[in-house]
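# Residue-level structural notes
One letter stands for each residue in the lines below.
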Amino acid sequence: MIALTLAEIAAAVGGTLAGGADPAAVVTGPVTFDSRTVAPGALFAAFDGAKVDGHDFAPAALAQGAVAVLAGRDVGVPAILVDDVRAALGGLARSVLSRLPQLTVVGITGSSGKTSTKDLLGQVLGAAGPTIAPRGSMNNELGLPVTVLTADEDTRFLVLEMGARGVGHIAYLCRIAPPRIGLVLNVGSAHVGEFGGKEVTAQAKGELVESLPEHGLAVLNADDPLVAPMNNRTKAKVSYFGESPGARVRAESVSLDEDGRPTFTLVLDGAAVGKPVTLQFAGEHQVANALAAAAAALGAGMAPEQVGAALSQAVPVSGGRMAISRRADGLTIVDDAYNANPESVRAALKALATMARARPGARAWAVLGAMLELGDRADEEHDAIGRLAVRLGIDRLVAVGDGAARIHAGAGQEGSWGEESVMVADPPQALALLRAEVRPGDVVLVKASNSVGLGWVARELAQAPGAEAGAR
């Protein structure tokens, strides 16, 4: 973060100093709304949340070294008082960006694959200059400005994941951090229950390309019928990626190794580029994410050969997204439990089937929980996932919790399955079943929406056989 005095911050957010705040005191960062991450030199943003009120932690934040608190009311310690802490946080981020003209902001959105693409692109651009691409999904009206505020005078690229739960959300994020390069990966079923349909989702995701300047670049999925037409919603130059012959950035000769990691030839404007790319990310669906990252990096000025080499070197950095671990007895666990929607579950099941086939004698286990926020399509989508598991030859299916009941039902109605599919009540029961029945060499996929808690199952299962289960 660039160093700012409390007087400069107050001016940027339209706030007033209170609680004995020294106008000349300097904030050097980080800016955080999590009291557990406060460090010397920090600014603590106090939010009145659904479960806890950050204002109650203001004294503790100062004791941990915070210079002041960004607050909505008097907290009895040095503070900058504002009417709306969320809006003030965004305003501060926008003000800081205005002081960093050398920095290129890259925005990424889509129904699935945002975090993996952000992880890929952050590392690729890192080969060209200092780059910020945060771990995890800091993609909302709180996480995004906090990420922006980590940038300083040395930062060349700022890669931001942009999420939305309705029309107008991405436009708001783009006003905080106006992007020069914008990637739209896909439009799927994630959050369709909140959006009201894929067309509304597309309207929201397209706000990213609408925000791009004329000298900017829109990176669009040529294979998605709701994304490709977004070229009509932007004044920026457009670069397409995908399998379509008209895509500028394509992949040819795709193959997968035993861990489901793709190797492919990167093709730019119809010509092969350098050596084949081998991703360290599992799943054939990661090829599309890599192509999107490549198109953005090329638009940022990187050489094609440099992009291909950097893609091969990039590694997963955000947990719970096709993260592979292997026990000493040969059991392989694929933790993809951070989130789930129909598209990402289908991709993960296909990767699981590929990995199991590459291991003679291995059984494929799919441990699946509910996919949330699907609205009136929930039953249909869960049923389809169960049927797909059968068609892909998944050996054992474990449906966890009432929300996954239709997955179990769909599997039972597809083909001639007997005891291959089972329902369990909760994650502890799933773990107990797995510990009792998996064999060395098997491959276990764990996937659900994050709140189901299956990430705990993946972590516990990865421990040596006989280990006691830890706290959830």
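Above this text sits the structure in question.
Quick look at the structure, then. (Residues numbered from 1 in each chain as written. Predicted model: local features only at pLDDT ≥ 70, side-chain atom pairs only at ≥ 80, totals over all residues. Heavy atoms only, no water.)

Among the structural elements, Ser255 can be located in strand β14 (residues 249–256). Note on Ser255: relative accessible area 39%, which makes it partly exposed. Separated by 70 residues in sequence, Ser255 and Ser325 place their C-alpha atoms 21 Å apart. What Ser255 contacts, discounting residues up to four positions off in sequence, is Arg261, Pro262 and Thr263. (Helix = DSSP H or I, 4+ residues; strand = E, 2+ residues; numbered from the N terminus. Buried < 20%, exposed > 50% of the residue type's maximum accessible area, 1.4 Å probe, protein only. Contact = heavy atoms within 4.5 Å.)

Pairing in this open sheet of five strands is mixed, and the strands run β2-β7-β6-β5-β4 from one edge to the other. Each end of this open sheet is capped by a strand with a single partner; those strands are β2 (16–18) and β4 (31–32). Looking at chain direction, strand β5 (residues 43–45) and strand β6 (residues 68–71) are connected through three bridges and run parallel. When the sheet's bridge partners are listed, Leu43 is paired in β6 with Ala68. Against the sheet, helix α1 (residues 6–13) contacts β2, β5, β6 and β7 (79–81), and its axis sits at roughly 15 degrees relative to β7. Its contacts with the sheet place helix α3 (residues 85–98) against β4, β5 and β6, and it is angled at close to 120 degrees to β6. (Pairing = 2+ DSSP bridges. Axes fitted to C-alpha atoms, helices over the stretch in contact; angles between N-to-C directions.)

The sheet built from six strands is open, its strands ordered β17-β18-β22-β19-β20-β21 with mixed pairing. Here the strands that pair on one side only, and so sit at the sheet edges, are β17 (323–326) and β21 (421–424). Between one strand and the next, the sheet's axes are offset by a mean angle of 15 degrees, whatever the strand orientation. With four bridges joining them, strand β18 (residues 332–335) and strand β22 (residues 443–447) adopt parallel strand pairing. Across the sheet, Ile333 pairs through a bridge with Val444, a residue of β22. Running at roughly 170 degrees to β22, helix α12 (residues 342–357) makes contact with β17, β18, β19 (364–368) and β22 of the sheet.

Our next topic: the layout of surface pockets. A volume near 730 Å³ is recorded for the second largest pocket. For the lining of the second largest pocket, the elements supplying multiple residues, two or more each, are β4, β5 and α5 (143–148). Partitioned by chemical class, the residues of the lining of the second largest pocket number 13 nonpolar, eight polar and four charged. (1 Å grid on protein atoms, 1.4 Å probe; cavity = no way out; pocket = protein on both sides within 12 Å on 5 of 7 lines; lining within 4 Å. Points joined across faces, edges and corners; volume = space filled by probe spheres on them. Nonpolar A, V, L, I, M, F, W, Y, C, P; charged D, E, K, R; others polar.)

To continue, consider the packing of aromatic side chains. Counting across every chain of the model gives one aromatic pair. Measuring from ring centre to ring centre gives 6.2 Å for Phe33 and Phe47, while their planes differ by 85 degrees; the resulting arrangement is edge-to-face. Taken together, the residues span a long stretch of sequence, with Phe33 in the loop between β4 and β5 and Phe47 in the loop between β5 and α2 (58–63) at a distance of 14 residues. Take Phe33: its relative accessible area is 33%, and that puts it in the partly exposed class. Across from the ring centre of Tyr172, 4.9 Å away, lies the NZ or CZ of Arg86, which sits over that ring. Geometry around Tyr338 places Arg321 over its ring, the cationic atom sitting 3.7 Å from the centre. (Phe/Tyr/Trp six-rings, centres within 6.5 Å; stacked < 30°, edge-to-face > 60°. Lys NZ or Arg CZ within 6 Å of the ring centre and 35° of its normal.)

Turning our eyes to something else, we now look at the environment of Arg250. Here Arg250 is to be found in strand β14. Owing to a relative accessible area of 19%, Arg250 belongs among the buried residues under this scheme. Sequence separation of Arg250 and Ala290 is 40 residues, and the distance between their C-alpha atoms is 9.8 Å. Residue contacts for Arg250: discarding those within four places in its chain leaves Gly242, Glu243, Ser244, Pro245, Thr265, Leu266, Val267 and Leu291. A distance of 3.2 Å separates a polar atom in the side chain of Arg250 from a polar atom in the side chain of Glu252. (Polar contact = N/O pair within 3.5 Å; in protein donor to acceptor, adjacent residues only side chain to side chain.)

This next bit is on helix α14 (residues 405–413). All buried positions along α14 are accounted for by Ile407, Gly410 and Ala411. Down the axis, α14 shows its buried residues gathered within 100 degrees of arc, on one side only. Contact partners of the buried residues in α14: β19, α13 (378–391), β20 (396–400) and β21. Positive phi shows up at Gly415, right after α14, with a value of about 75 degrees. (Arc of directions from axis to C-beta.)

For the rest of this paragraph, the subject is the side chain of Lys447. Of note, Lys447 is situated in strand β22. Within the structure, Lys447 has its side chain in polar contact with the side chain of Asp336 (distance 2.8 Å). A polar contact is formed between the side chain of Lys447 and the side chain of Ser344, at a distance of 3.5 Å. In contact with Lys447, other than residues within four places in its own chain, are Asp336, Ala337, Asn339, Ala340, Ser344, Val345, Ala348, Val367, Leu368, Gly369 and Leu454.

Before going further, it helps to spend a moment on the packing of α13 against α14. One way to put it is that α13 packs onto α14 with a least axis distance of 7 Å and a crossing angle of 45 degrees. One element, α13, and the other, α14, form an angle in the oblique class. Considering the relative orientation of α13 and α14, their crossing is right-handed. Contacts between α13 and α14 involve Asp379, His382, Asp383, Ile385, Gly386, Arg387 and Val390 from the first element and Arg406, Ile407, Ala409, Gly410, Ala411 and Gln413 from the second. Across the contact of α13 with α14, the residue classes tally to five nonpolar, four polar and four charged. (Parallel < 35°, antiparallel > 145°, perpendicular 65-115°, else oblique. Left-handed = near helix turned anticlockwise from the far one by under 90°.)

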